[in-house]
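# Results of the structural survey
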Amino acid sequence: MLWDYQQPVAIRFGNGRVREIKDVAASMGLTEGGLLVSEHLFAQNGTAEKIVKDSEGAISEIFSDFSPNPDVTEVDKAAALIREKHLKFVVAMGGGSAMDLAKSAASIALTNDSIAEYHGTGKAMPQEHLPIIAVPTTAGTGSEVTCVSVLTNRALGKKAPIVSDGFFPSVAIIDPELTYSVPPHVTASTGMDVLSQAIEGYWSKGHQPICDACAIHAAPLVFKYLPIAVAEPNNAEARQKMCEASVIAGLAFTLPKTTSSHACSFPLTNIHGIPHGEACGLTLDWFARINKNAQHGRVQEFARAIGFEDVDAMADAIHELKVKVGLRTGLKDLNLNAEQIADLVRISRHPNLYNNPVEITDEMLQDMYEHLAATD
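In this text, all values refer to a predicted model and were calculated from it rather than measured experimentally.

## Points about the environment of Asp367
- With respect to the element layout, Asp367 can be found in helix H14 (residues 362-373).
- Along the sequence, Asp367 and Ile341 sit 26 residues apart, while their C-alpha atoms lie 9.9 Å from each other.

## So, the domain arrangement of the chain
- Considered domain by domain, the chain is made up of domain 1 (10-178) and domain 2 (184-373).
- Averaged C-alpha coordinates put domain 1 and domain 2 at centres separated by 25 Å.
- Counting residues at the interface gives 24 residues for domain 1, matched by 23 residues for domain 2.
- A buried area of about 1800 Å², summed over both sides, lies between domain 1 and domain 2, and 67% of it is on carbon and sulfur atoms.
- Three residues stand out in domain 1 for area buried against domain 2, namely Phe13, Ala139 and Lys159, and they jointly supply 30% of the buried area on that side.
- Here domain 1 and domain 2 share zero salt bridges between them.
- Counting the contacts that link domain 1 with domain 2 gives five residue pairs in polar contact (both at pLDDT 80 or more).
- Only strand S1 (10-13), strand S6 (148-153) and strand S7 (158-163) provide two or more residues apiece to the side of domain 1 that touches domain 2.
- Taken together, the residues of the side of domain 1 that touches domain 2 break down into 12 nonpolar, nine polar and three charged.

## Some thoughts on the sheet that holds strand S5 (residues 132-136)
- Reading across the sheet, the six strands line up as S1-S8-S5-S4-S2-S3 and stay open at both edges, with parallel pairing between neighbours. Only two strands of the sheet have a single neighbouring strand rather than two, namely S1 and strand S3 (59-63). Averaged over all pairs of adjacent strands, the angle between strand axes in this sheet comes to 20°, irrespective of strand direction.
- Here two bridges tie S5 to strand S8 (residues 171-174), and the two strands are oriented parallel to one another. Along S8, the bridge assignment pairs Ala134 with Ala172.
- Where helix H5 (residues 96-108) meets the sheet, it contacts strand S2 (34-38), S3, strand S4 (89-94) and S5, and its direction lies at approximately 165° from that of S4.

What counts as what
- Residues numbered from 1 in each chain as written.
- Predicted model: local features only at pLDDT ≥ 70, side-chain atom pairs only at ≥ 80, totals over all residues.
- Heavy atoms only, no water.
- Helix = DSSP H or I, 4+ residues; strand = E, 2+ residues; numbered from the N terminus.
- Domains from an automatic or database assignment.
- Contact = heavy atoms within 4.5 Å.
- Buried area = accessible area lost by both parts, 1.4 Å probe.
- Salt bridge = Lys/Arg side-chain N within 4 Å of Asp/Glu carboxyl O.
- Polar contact = N/O pair within 3.5 Å; in protein donor to acceptor, adjacent residues only side chain to side chain.
- Nonpolar A, V, L, I, M, F, W, Y, C, P; charged D, E, K, R; others polar.
- Pairing = 2+ DSSP bridges.
- Axes fitted to C-alpha atoms, helices over the stretch in contact; angles between N-to-C directions.

See below:
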């Protein structure tokens, strides 16, 4: 077995560590010219302004003009601001949307290109990039330690990841206190993304021992602490453990990459507006049963390693977790017709699908979507 491991992101974890942004920037020789990419909520509630003030001049601009599932045009706007103001580094504060936009903008700003030229086209991203300090505010995407930026091109009806070593942040600051204000449904959805990343990273065709160990560490934390974090938003232990699970699941999947559930999540989100993590979790138990005997028993070993009798028991627990935290378990409310189901099957043929350990046929996807379409 041949494998390589690389994790170039310095990680700072703990309550209150968001206050270290200025010191982190200074340690990289960055005392001015910073851009804060921040979601609307933080721009509106004063958090973004406080981050700028506390930076004592290191951060001079805020960009929050972007949507959930950021569009390529929004990345181009951020990149234009970086060029116009001659900015030197980027701080990404928020969930996956802020991270995705910041990563792409920090690279494409050093060219005169549109990010659309690299989105789902196979064209390799330029490797030169501005330094990124990533500050996640959700326990979900793991994007603070990955080289992936997931973008949408609404004009073409396309959502897809771009992978580039230039997208790795220089430093990730994980401060669990920033997640206390996240609403319960967002906590549930992003938490299910964590579980999907860990499990898919483990059974990925690209699996390797270090990432496997991370997956085995992260997954049980989600089963134990996600229901508590949803029910008790200010529970310090649950919030901290979910942040731990999130960053370690990020390490679990960034090299092996995700598989079937993520592939199917893209049309569910892009066409039907289902939040990303919820869309991943919708099919995770289904694919667990499909993959249960793959890789000479590895998936069964994973289920046992995280405390279940077998994969079927783990799949049952995934379903129960979704019910417990209020996530959808079916698509019946969408009243999908045959043409819409056919579209889901067709668009699920995303490159991630081919990373699944079992070959997924159109017939398997058809069966799954028909089952979900009839399930509440």
